Amino acid sequence: MSERDLLMIPGPVEFDPEVMRALGARTLSHLDPVFIATFGRALQRLREVCLAPSAQPFIVAGTGTLAMELAVANLVEPGDRALVVNTGHFSDRMALILARHGAEVTQVRPPLGEAPRPQEVEQALAQGAYRVMTVTHVDTSTGVRAPAEPLVRAAHRHGVLSVVDGVCATAGETFHQDAWGADVYLTGSQKALGVPPGLALLTVSPKALSAWRARKHPVRSFYADWAEWLPIMEAYEAGKPAYFATPAVNLITALEVSLGQILREGMEPRFARHRRMARAFRAAWRALGLRPLPTTEAATANTLSALYYPEGVDSSVVGRVRGEGVVLAGGLHPELKTRYFRVGHMNLVGPGEVLATVGAVERALGAAGHRVQPGGAVSAAQAALLEPVPAAD
Ligand code: PMP
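Residues numbered from 1 in each chain as written. Predicted model: local features only at pLDDT ≥ 70, side-chain atom pairs only at ≥ 80, totals over all residues. Heavy atoms only, no water.

**Q** An account of the overall build of the protein chain is requested, with residue identities and associated values reported.
**A** The number of helices and strands found in the protein chain is 14 helices and 14 strands. Taken over C-alpha atoms, the radius of gyration comes to 21 Å for the protein chain, in line with the 21 Å a tight globule of 393 residues would show. Considered along the principal axes of its C-alpha atoms, the protein chain spans approximately 65 × 55 × 35 Å. Long-range pairs, those at least 24 residues apart, make up 72% of the contacts in the protein chain between residues at least 6 apart in sequence. Per element, the accessible surface of the protein chain, about 15600 Å² overall, is 54% carbon and sulfur. (Helix = DSSP H or I, 4+ residues; strand = E, 2+ residues; numbered from the N terminus. Rg over C-alpha atoms; globule rule 2.2 N^0.38 Å. Contact = heavy atoms within 4.5 Å. Areas by Shrake-Rupley, 256 points an atom, 1.4 Å probe, with all protein chains shown as cover.)

**Q** Report on the pairing of strand E4 (residues 104–108), specifying residues and quantitative values.
**A** Regular strands place their side chains on alternate faces of the sheet. Relative to E4, strand E3 (residues 81–85) runs parallel, the two being bridged by five bridges. Along E4, the bridge assignment pairs Val-84 with Gln-107. Regarding the hand of the β-α-β motif, the stretch spanning E3, helix H4 (residues 89–100) and E4 is right-handed. (Pairing = 2+ DSSP bridges. Right-handed = clockwise from strand over helix to strand, strands pointing away.)

**Q** Tell me what's going on with the side chain of Thr-134, and back it up with residues and numbers.
**A** Following the sequence through the fold, Thr-134 ends up in strand E5 (residues 132–136). Sequence-distant contacts of Thr-134, defined by excluding residues within four places in its chain, comprise Leu-83, Val-84, Val-85, Met-94, Leu-98 and Val-163.

**Q** Pulling in residues and values, what's your account of the UniProt feature "modified residue: N6-(pyridoxal phosphate)lysine" (unreviewed entry) in the protein chain?
**A** UniProt feature "modified residue: N6-(pyridoxal phosphate)lysine" (unreviewed entry): in the numbering of this structure it lies at Lys-191. Tracing the chain through its elements places Lys-191 in the loop between strand E9 (184–188) and strand E10 (199–204). On the basis of relative accessible area, Lys-191 is assigned to the buried category, the value being 8%. For Lys-191, the contacting residues outside a window of four places in its chain are Pro-10, Gly-11, Val-13, Thr-140, Val-167, Cys-168, Met-346 and Asn-347. (UniProt positions renumbered as here; feature names shortened; annotations may be inferred. Buried < 20%, exposed > 50% of the residue type's maximum accessible area, 1.4 Å probe, protein only.)

**Q** Lay out the environment of Ser-210 with the relevant residues and their values.
**A** Note that Ser-210 resides in helix H8 (residues 206–213). Given the relative accessible area of 43%, Ser-210 is considered partly exposed.

**Q** An account of the site of the ligand is requested, with residue identities and associated values reported.
**A** In the vicinity of the ligand there are 13 residues, among which Thr-63, Thr-65, Thr-140, Asp-165 and Lys-191 approach most closely. At 2.9 Å from an oxygen atom of the ligand is found a main-chain nitrogen or oxygen belonging to Gly-64. Between Asp-165 and the ligand, the recorded distance is 2.6 Å, taken from a side-chain N or O atom to a nitrogen atom. For the shell around the ligand, the secondary structure elements donating two or more residues are helix H3 (64–75) and H4. Broken down by element, the residue count for the shell around the ligand peaks at three residues, all from H3. Across the shell around the ligand, the residue classes tally to four nonpolar, six polar and three charged. (Near = heavy atom within 4 Å. Polar contact = N/O pair within 3.5 Å; in protein donor to acceptor, adjacent residues only side chain to side chain. Nonpolar A, V, L, I, M, F, W, Y, C, P; charged D, E, K, R; others polar.)

**Q** How would you explain the domain arrangement of the protein chain if you had to name every residue and give the values?
**A** Domain boundaries assigned for the protein chain yield domain 1 (6–10 + 266–385) and domain 2 (17–265). A C-alpha centroid distance of 28 Å is found between domain 1 and domain 2. Domain 1 puts 30 residues into the contact, and the matching count from domain 2 is 34 residues. For the pairing of domain 1 and domain 2, the buried interface totals around 2500 Å² over both sides, and the portion due to carbon and sulfur atoms is 56%. Counting the contacts that link domain 1 with domain 2 gives two salt bridges. Here Arg-273 ties to Glu-265 by a salt bridge, and the two come within 2.7 Å at their closest N and O atoms. Of all elements in the fold, only helix H11 (267–288), strand E11 (304–308) and strand E14 (340–344) reach the threshold of two or more residues within the side of domain 1 that touches domain 2. When residues in the side of domain 1 that touches domain 2 are grouped by element, the largest group, eight residues, is from H11. (Domains from an automatic or database assignment. Buried area = accessible area lost by both parts, 1.4 Å probe. Salt bridge = Lys/Arg side-chain N within 4 Å of Asp/Glu carboxyl O.)

**Q** Lay out H11 with the relevant residues and their values.
**A** When the terminal C-alpha atoms of H11 are compared, their 32 Å separation across 22 residues agrees well with the 32 Å that a helix rising 1.5 Å per residue should span. Most of H11 sits inside the fold, with 17 of its 22 residues counted as buried. Just past H11, the residue Gly-289 takes up positive phi, approximately 75°. (Expected span 1.5 Å × (residues − 1).)

**Q** Quick one: what's the story with the packing of H3 against H4, residue by residue and with numbers?
**A** Angle between the axes and distance between the axes are the two parameters that describe a pair of packed helices. Following both chains from N to C, one finds H3 and H4 inclined at 45°, their axes separated by 10 Å at the closest point. With respect to their mutual orientation, H3 and H4 come out oblique. Between H3 and H4 lies a crossing of right-handed hand. Facing H3, whose interface residues are Thr-65, Met-68, Glu-69 and Val-72, H4 presents Phe-90, Arg-93, Met-94, Ile-97 and Leu-98. Its residues placed into classes, the contact of H3 with H4 shows six nonpolar, one polar and two charged. (Axes fitted to C-alpha atoms, helices over the stretch in contact; angles between N-to-C directions. Parallel < 35°, antiparallel > 145°, perpendicular 65-115°, else oblique. Left-handed = near helix turned anticlockwise from the far one by under 90°.)

Structure (C-alpha coordinates):
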(Lines give C-alpha, C1' and ligand atoms only; values in the text may rest on other atoms or scores of the structure.)
Protein backbone atom coordinates (compact mmCIF):
# COMPACT_ATOMS: atom_id res chain seq x y z
CA MET A 1 0.00 0.00 0.00
CA SER A 2 1.42 3.39 -0.97
CA GLU A 3 1.54 6.06 1.73
CA ARG A 4 -0.87 8.10 -0.35
CA ASP A 5 -3.47 5.34 -0.74
CA LEU A 6 -6.71 5.94 1.10
CA LEU A 7 -7.60 3.26 3.64
CA MET A 8 -11.38 2.81 3.36
CA ILE A 9 -11.91 -0.57 5.03
CA PRO A 10 -14.22 -0.98 8.06
CA GLY A 11 -11.29 -0.79 10.47
CA PRO A 12 -8.56 0.00 10.95
CA VAL A 13 -9.25 3.36 9.33
CA GLU A 14 -7.32 6.54 8.53
CA PHE A 15 -6.05 8.22 11.69
CA ASP A 16 -5.37 11.88 12.45
CA PRO A 17 -1.68 12.95 12.35
CA GLU A 18 -1.91 14.39 15.87
CA VAL A 19 -3.09 10.97 17.12
CA MET A 20 -0.21 9.27 15.29
CA ARG A 21 2.30 11.71 16.80
CA ALA A 22 1.01 10.82 20.28
CA LEU A 23 1.47 7.15 19.42
CA GLY A 24 5.06 7.76 18.30
CA ALA A 25 6.04 9.93 21.26
CA ARG A 26 8.59 8.77 23.83
CA THR A 27 7.03 6.14 26.08
CA LEU A 28 6.54 7.37 29.63
CA SER A 29 6.50 5.23 32.75
CA HIS A 30 2.96 4.04 33.40
CA LEU A 31 3.41 5.63 36.84
CA ASP A 32 4.60 9.02 35.53
CA PRO A 33 2.34 11.84 36.76
CA VAL A 34 1.92 13.08 33.18
CA PHE A 35 0.67 9.66 32.04
CA ILE A 36 -1.53 9.25 35.12
CA ALA A 37 -3.26 12.54 34.23
CA THR A 38 -3.58 11.46 30.57
CA PHE A 39 -5.12 8.09 31.50
CA GLY A 40 -7.52 9.82 33.89
CA ARG A 41 -8.68 12.22 31.15
CA ALA A 42 -9.05 9.36 28.67
CA LEU A 43 -11.42 7.60 31.10
CA GLN A 44 -13.48 10.75 31.64
CA ARG A 45 -13.63 11.45 27.91
CA LEU A 46 -14.70 7.89 27.10
CA ARG A 47 -17.66 8.37 29.44
CA GLU A 48 -18.57 11.57 27.59
CA VAL A 49 -18.21 10.02 24.12
CA CYS A 50 -20.52 7.15 25.15
CA LEU A 51 -22.97 9.68 26.63
CA ALA A 52 -22.80 7.67 29.82
CA PRO A 53 -22.22 10.03 32.76
CA SER A 54 -23.15 7.35 35.30
CA ALA A 55 -21.03 4.54 33.79
CA GLN A 56 -17.70 3.09 34.86
CA PRO A 57 -15.23 3.15 31.97
CA PHE A 58 -12.60 0.46 31.41
CA ILE A 59 -9.64 0.82 29.04
CA VAL A 60 -7.66 -2.41 28.66
CA ALA A 61 -4.90 -3.52 26.27
CA GLY A 62 -6.47 -5.94 23.78
CA THR A 63 -8.89 -5.76 20.87
CA GLY A 64 -12.63 -5.56 20.39
CA THR A 65 -12.93 -9.29 20.98
CA LEU A 66 -11.42 -8.84 24.43
CA ALA A 67 -13.99 -6.10 25.08
CA MET A 68 -16.70 -8.66 24.24
CA GLU A 69 -15.12 -11.16 26.62
CA LEU A 70 -14.70 -8.52 29.36
CA ALA A 71 -18.47 -8.04 29.26
CA VAL A 72 -19.45 -11.71 29.11
CA ALA A 73 -16.92 -13.13 31.59
CA ASN A 74 -18.07 -10.71 34.27
CA LEU A 75 -21.83 -10.73 33.75
CA VAL A 76 -22.51 -14.38 32.97
CA GLU A 77 -22.29 -17.42 35.24
CA PRO A 78 -22.58 -21.02 34.07
CA GLY A 79 -26.24 -21.88 33.43
CA ASP A 80 -27.35 -18.27 32.94
CA ARG A 81 -29.61 -17.66 29.97
CA ALA A 82 -28.48 -15.24 27.27
CA LEU A 83 -30.42 -13.83 24.31
CA VAL A 84 -28.30 -12.97 21.26
CA VAL A 85 -29.86 -10.62 18.71
CA ASN A 86 -27.96 -11.90 15.70
CA THR A 87 -27.20 -9.72 12.68
CA GLY A 88 -24.05 -11.44 11.38
CA HIS A 89 -20.62 -12.87 12.04
CA PHE A 90 -19.85 -10.73 15.09
CA SER A 91 -23.13 -11.72 16.74
CA ASP A 92 -22.13 -15.35 16.04
CA ARG A 93 -18.85 -14.58 17.81
CA MET A 94 -20.76 -13.17 20.79
CA ALA A 95 -22.80 -16.39 20.97
CA LEU A 96 -19.58 -18.43 20.99
CA ILE A 97 -18.08 -16.34 23.78
CA LEU A 98 -21.29 -16.65 25.82
CA ALA A 99 -21.35 -20.43 25.33
CA ARG A 100 -17.67 -20.67 26.30
CA HIS A 101 -18.53 -18.94 29.59
CA GLY A 102 -21.30 -21.44 30.27
CA ALA A 103 -24.38 -19.49 29.15
CA GLU A 104 -27.43 -21.18 27.63
CA VAL A 105 -27.78 -19.20 24.43
CA THR A 106 -31.01 -18.44 22.55
CA GLN A 107 -30.86 -16.39 19.37
CA VAL A 108 -33.23 -14.07 17.53
CA ARG A 109 -31.90 -14.36 14.01
CA PRO A 110 -33.56 -12.35 11.25
CA PRO A 111 -32.67 -13.34 7.67
CA LEU A 112 -29.21 -12.07 6.66
CA GLY A 113 -29.37 -8.38 5.76
CA GLU A 114 -32.54 -7.68 7.75
CA ALA A 115 -32.69 -5.70 10.97
CA PRO A 116 -34.17 -7.44 14.01
CA ARG A 117 -37.74 -6.43 14.76
CA PRO A 118 -38.10 -5.00 18.28
CA GLN A 119 -41.49 -6.74 18.76
CA GLU A 120 -39.90 -10.11 18.05
CA VAL A 121 -37.08 -9.44 20.51
CA GLU A 122 -39.60 -8.25 23.09
CA GLN A 123 -41.53 -11.52 22.69
CA ALA A 124 -38.34 -13.52 23.17
CA LEU A 125 -37.46 -11.49 26.27
CA ALA A 126 -40.92 -12.20 27.69
CA GLN A 127 -40.47 -15.95 27.23
CA GLY A 128 -37.30 -16.65 29.17
CA ALA A 129 -35.62 -15.57 32.38
CA TYR A 130 -32.62 -14.05 30.66
CA ARG A 131 -29.62 -12.67 32.47
CA VAL A 132 -28.27 -10.77 29.44
CA MET A 133 -29.28 -9.71 25.95
CA THR A 134 -26.57 -8.87 23.43
CA VAL A 135 -26.92 -6.65 20.37
CA THR A 136 -24.32 -5.91 17.71
CA HIS A 137 -25.00 -2.24 17.00
CA VAL A 138 -23.41 -2.50 13.54
CA ASP A 139 -22.39 -5.93 12.34
CA THR A 140 -19.32 -5.32 10.20
CA SER A 141 -19.83 -8.55 8.27
CA THR A 142 -23.25 -7.50 6.91
CA GLY A 143 -23.36 -3.70 7.26
CA VAL A 144 -26.62 -4.13 9.18
CA ARG A 145 -27.38 -1.66 11.93
CA ALA A 146 -29.67 -2.94 14.67
CA PRO A 147 -32.28 -0.59 16.17
CA ALA A 148 -30.28 -0.32 19.39
CA GLU A 149 -32.56 2.08 21.27
CA PRO A 150 -35.82 0.05 21.25
CA LEU A 151 -33.91 -3.19 21.87
CA VAL A 152 -32.04 -1.82 24.85
CA ARG A 153 -35.20 -0.25 26.25
CA ALA A 154 -37.03 -3.58 25.88
CA ALA A 155 -34.28 -5.40 27.81
CA HIS A 156 -34.50 -2.73 30.51
CA ARG A 157 -38.28 -3.25 30.83
CA HIS A 158 -37.74 -6.99 31.26
CA GLY A 159 -35.00 -6.60 33.88
CA VAL A 160 -32.41 -8.09 31.50
CA LEU A 161 -28.89 -6.67 31.29
CA SER A 162 -28.14 -5.29 27.82
CA VAL A 163 -24.71 -5.59 26.25
CA VAL A 164 -24.17 -3.61 23.04
CA ASP A 165 -21.20 -4.33 20.77
CA GLY A 166 -20.24 -0.90 19.47
CA VAL A 167 -16.96 -1.92 17.83
CA CYS A 168 -18.13 -0.71 14.39
CA ALA A 169 -20.41 2.02 15.73
CA THR A 170 -19.07 3.90 18.76
CA ALA A 171 -18.56 7.60 17.94
CA GLY A 172 -20.06 7.04 14.47
CA GLU A 173 -23.65 5.91 15.12
CA THR A 174 -26.00 7.70 17.51
CA PHE A 175 -25.90 6.03 20.91
CA HIS A 176 -27.04 7.45 24.24
CA GLN A 177 -26.02 4.87 26.80
CA ASP A 178 -27.48 6.48 29.93
CA ALA A 179 -30.63 7.88 28.33
CA TRP A 180 -31.46 4.53 26.72
CA GLY A 181 -30.45 2.47 29.78
CA ALA A 182 -27.81 0.28 28.10
CA ASP A 183 -25.77 -1.69 30.62
CA VAL A 184 -22.53 -2.33 28.76
CA TYR A 185 -21.31 -0.51 25.67
CA LEU A 186 -18.17 -2.18 24.40
CA THR A 187 -15.81 -1.20 21.63
CA GLY A 188 -12.32 -1.28 20.14
CA SER A 189 -10.00 1.59 19.32
CA GLN A 190 -9.47 1.15 15.58
CA LYS A 191 -12.69 2.36 13.99
CA ALA A 192 -14.73 5.51 14.63
CA LEU A 193 -12.78 6.16 17.85
CA GLY A 194 -9.79 6.96 15.65
CA VAL A 195 -6.87 5.11 17.31
CA PRO A 196 -4.79 2.20 15.91
CA PRO A 197 -5.85 -1.32 16.97
CA GLY A 198 -4.94 -2.52 20.44
CA LEU A 199 -7.42 -1.21 23.00
CA ALA A 200 -10.57 -2.83 24.40
CA LEU A 201 -12.95 -0.27 25.86
CA LEU A 202 -16.18 -0.53 27.78
CA THR A 203 -18.55 1.63 29.77
CA VAL A 204 -20.51 -0.25 32.41
CA SER A 205 -23.73 0.92 34.08
CA PRO A 206 -24.10 0.95 37.88
CA LYS A 207 -26.75 -1.78 37.48
CA ALA A 208 -24.30 -4.06 35.64
CA LEU A 209 -21.63 -3.41 38.27
CA SER A 210 -24.09 -4.39 41.04
CA ALA A 211 -25.03 -7.55 39.12
CA TRP A 212 -21.33 -8.40 38.83
CA ARG A 213 -20.78 -7.74 42.56
CA ALA A 214 -23.65 -10.13 43.38
CA ARG A 215 -22.09 -13.05 41.43
CA LYS A 216 -22.20 -16.45 43.11
CA HIS A 217 -18.89 -17.63 41.65
CA PRO A 218 -15.62 -15.83 40.90
CA VAL A 219 -14.92 -14.79 37.31
CA ARG A 220 -13.21 -17.65 35.48
CA SER A 221 -10.70 -15.49 33.63
CA PHE A 222 -7.78 -13.77 35.32
CA TYR A 223 -7.00 -11.05 32.73
CA ALA A 224 -10.67 -10.26 32.07
CA ASP A 225 -11.79 -9.99 35.71
CA TRP A 226 -13.26 -6.57 36.51
CA ALA A 227 -12.09 -7.16 40.09
CA GLU A 228 -8.53 -6.66 38.82
CA TRP A 229 -9.28 -3.70 36.55
CA LEU A 230 -11.80 -1.66 38.53
CA PRO A 231 -9.31 -0.48 41.20
CA ILE A 232 -6.88 0.49 38.42
CA MET A 233 -9.45 2.57 36.55
CA GLU A 234 -10.61 4.22 39.79
CA ALA A 235 -7.04 5.01 40.81
CA TYR A 236 -6.02 6.57 37.49
CA GLU A 237 -9.18 8.63 37.36
CA ALA A 238 -8.42 9.86 40.89
CA GLY A 239 -4.91 10.83 39.73
CA LYS A 240 -3.15 8.02 41.59
CA PRO A 241 -0.78 5.37 40.25
CA ALA A 242 -1.79 1.72 40.31
CA TYR A 243 -0.66 -1.49 38.70
CA PHE A 244 -2.31 -4.72 37.62
CA ALA A 245 -0.92 -5.25 34.10
CA THR A 246 1.15 -2.69 32.21
CA PRO A 247 -1.17 -0.24 30.46
CA ALA A 248 -0.63 0.38 26.73
CA VAL A 249 0.93 3.76 27.48
CA ASN A 250 1.25 5.07 23.91
CA LEU A 251 -2.13 3.79 22.74
CA ILE A 252 -3.83 5.36 25.76
CA THR A 253 -1.97 8.63 25.08
CA ALA A 254 -3.20 8.52 21.48
CA LEU A 255 -6.73 7.68 22.68
CA GLU A 256 -6.77 10.70 24.95
CA VAL A 257 -5.91 12.90 21.95
CA SER A 258 -8.51 11.30 19.68
CA LEU A 259 -11.28 11.45 22.30
CA GLY A 260 -10.44 15.15 22.77
CA GLN A 261 -10.85 15.73 19.03
CA ILE A 262 -14.14 13.80 19.00
CA LEU A 263 -15.54 15.86 21.87
CA ARG A 264 -14.41 19.09 20.22
CA GLU A 265 -16.37 18.09 17.12
CA GLY A 266 -19.33 17.25 19.42
CA MET A 267 -21.23 13.97 19.50
CA GLU A 268 -24.35 15.10 17.64
CA PRO A 269 -22.37 16.89 14.85
CA ARG A 270 -20.14 13.81 14.58
CA PHE A 271 -23.11 11.44 14.29
CA ALA A 272 -24.62 13.84 11.70
CA ARG A 273 -21.37 13.89 9.68
CA HIS A 274 -21.32 10.09 9.56
CA ARG A 275 -24.98 10.17 8.47
CA ARG A 276 -24.24 12.72 5.76
CA MET A 277 -21.26 10.80 4.32
CA ALA A 278 -23.21 7.53 4.42
CA ARG A 279 -26.09 9.14 2.56
CA ALA A 280 -23.72 10.40 -0.15
CA PHE A 281 -22.21 6.92 -0.49
CA ARG A 282 -25.68 5.38 -0.76
CA ALA A 283 -26.62 7.81 -3.54
CA ALA A 284 -23.44 6.83 -5.41
CA TRP A 285 -24.07 3.09 -5.01
CA ARG A 286 -27.62 3.56 -6.36
CA ALA A 287 -26.24 5.45 -9.38
CA LEU A 288 -23.83 2.55 -10.01
CA GLY A 289 -26.61 -0.04 -9.70
CA LEU A 290 -24.94 -1.71 -6.69
CA ARG A 291 -27.26 -3.57 -4.33
CA PRO A 292 -26.52 -3.20 -0.61
CA LEU A 293 -26.53 -6.30 1.58
CA PRO A 294 -28.85 -4.65 4.17
CA THR A 295 -32.37 -4.94 2.84
CA THR A 296 -33.75 -1.57 3.97
CA GLU A 297 -32.31 1.90 4.43
CA ALA A 298 -33.23 1.79 8.14
CA ALA A 299 -31.15 -1.39 8.53
CA THR A 300 -28.14 0.17 6.78
CA ALA A 301 -25.19 1.33 8.85
CA ASN A 302 -23.74 4.82 8.55
CA THR A 303 -20.26 3.51 9.31
CA LEU A 304 -19.77 1.13 6.38
CA SER A 305 -21.33 -0.05 3.12
CA ALA A 306 -21.64 -3.75 2.27
CA LEU A 307 -22.42 -4.18 -1.45
CA TYR A 308 -23.01 -7.15 -3.73
CA TYR A 309 -20.79 -7.31 -6.80
CA PRO A 310 -22.90 -6.53 -9.85
CA GLU A 311 -23.59 -9.15 -12.52
CA GLY A 312 -20.40 -10.15 -14.35
CA VAL A 313 -18.04 -8.56 -11.78
CA ASP A 314 -16.07 -10.54 -9.17
CA SER A 315 -13.81 -9.86 -6.21
CA SER A 316 -10.92 -8.85 -8.48
CA VAL A 317 -12.58 -5.43 -8.68
CA VAL A 318 -11.32 -4.74 -5.13
CA GLY A 319 -7.78 -5.07 -6.53
CA ARG A 320 -8.67 -2.68 -9.36
CA VAL A 321 -9.96 -0.12 -6.85
CA ARG A 322 -6.70 -0.51 -4.98
CA GLY A 323 -4.87 0.22 -8.22
CA GLU A 324 -6.87 3.47 -8.27
CA GLY A 325 -5.44 4.36 -4.85
CA VAL A 326 -8.27 3.30 -2.52
CA VAL A 327 -8.12 0.24 -0.26
CA LEU A 328 -11.46 -1.56 0.25
CA ALA A 329 -12.34 -4.83 2.00
CA GLY A 330 -13.77 -8.02 0.53
CA GLY A 331 -16.64 -9.97 2.07
CA LEU A 332 -16.46 -11.52 5.54
CA HIS A 333 -19.68 -13.38 6.29
CA PRO A 334 -18.99 -17.07 5.56
CA GLU A 335 -22.32 -17.55 3.70
CA LEU A 336 -21.71 -14.71 1.23
CA LYS A 337 -17.97 -14.08 1.43
CA THR A 338 -17.24 -14.08 -2.31
CA ARG A 339 -20.37 -12.20 -3.36
CA TYR A 340 -19.87 -8.78 -1.78
CA PHE A 341 -17.36 -6.14 -0.73
CA ARG A 342 -17.20 -3.52 1.98
CA VAL A 343 -16.32 0.16 2.21
CA GLY A 344 -15.66 1.68 5.64
CA HIS A 345 -16.67 5.30 6.26
CA MET A 346 -15.64 6.19 9.77
CA ASN A 347 -13.63 8.65 11.84
CA LEU A 348 -12.18 11.38 9.59
CA VAL A 349 -14.20 10.61 6.47
CA GLY A 350 -15.47 13.76 4.79
CA PRO A 351 -16.56 14.87 1.30
CA GLY A 352 -13.03 14.53 -0.12
CA GLU A 353 -12.77 10.87 0.87
CA VAL A 354 -16.32 10.15 -0.34
CA LEU A 355 -15.67 11.62 -3.80
CA ALA A 356 -12.22 10.01 -4.14
CA THR A 357 -13.61 6.59 -3.16
CA VAL A 358 -16.70 6.79 -5.36
CA GLY A 359 -14.54 7.93 -8.30
CA ALA A 360 -12.14 5.00 -7.81
CA VAL A 361 -15.01 2.48 -7.56
CA GLU A 362 -16.65 3.96 -10.66
CA ARG A 363 -13.42 3.68 -12.72
CA ALA A 364 -12.68 0.16 -11.47
CA LEU A 365 -16.21 -1.08 -12.25
CA GLY A 366 -16.03 0.50 -15.71
CA ALA A 367 -12.67 -1.20 -16.35
CA ALA A 368 -14.17 -4.50 -15.15
CA GLY A 369 -16.87 -4.26 -17.82
CA HIS A 370 -19.78 -2.95 -15.71
CA ARG A 371 -21.77 -0.29 -17.54
CA VAL A 372 -21.10 3.05 -15.88
CA GLN A 373 -21.88 6.56 -16.93
CA PRO A 374 -18.60 8.44 -16.34
CA GLY A 375 -19.06 10.82 -13.42
CA GLY A 376 -22.61 9.61 -12.73
CA ALA A 377 -21.88 8.19 -9.28
CA VAL A 378 -19.57 11.06 -8.36
CA SER A 379 -22.28 13.49 -9.35
CA ALA A 380 -24.92 11.60 -7.30
CA ALA A 381 -22.65 11.71 -4.24
CA GLN A 382 -21.96 15.40 -4.79
CA ALA A 383 -25.68 16.15 -5.10
CA ALA A 384 -26.33 14.32 -1.81
CA LEU A 385 -23.52 16.26 -0.13
CA LEU A 386 -25.15 19.52 -1.22
CA GLU A 387 -28.46 18.60 0.43
CA PRO A 388 -29.19 19.56 4.04
CA VAL A 389 -28.02 17.01 6.64
CA PRO A 390 -30.82 14.56 7.54
CA ALA A 391 -32.10 15.22 11.04
CA ALA A 392 -32.14 11.58 12.13
CA ASP A 393 -31.11 8.13 10.95
N1 PMP B 1 -17.46 -6.70 16.89
C2 PMP B 1 -17.58 -6.05 15.73
C3 PMP B 1 -18.91 -5.48 15.36
C4 PMP B 1 -16.47 -5.91 14.89
O5 PMP B 1 -16.59 -5.26 13.74
C6 PMP B 1 -15.23 -6.45 15.27
C7 PMP B 1 -14.00 -6.30 14.41
N8 PMP B 1 -14.19 -6.08 13.09
C9 PMP B 1 -15.16 -7.11 16.49
C10 PMP B 1 -16.29 -7.21 17.28
C11 PMP B 1 -13.89 -7.73 16.97
O12 PMP B 1 -12.93 -6.74 17.16
P13 PMP B 1 -11.36 -7.07 17.04
O14 PMP B 1 -11.11 -7.49 15.63
O15 PMP B 1 -10.74 -5.74 17.36
O16 PMP B 1 -11.05 -8.11 18.02
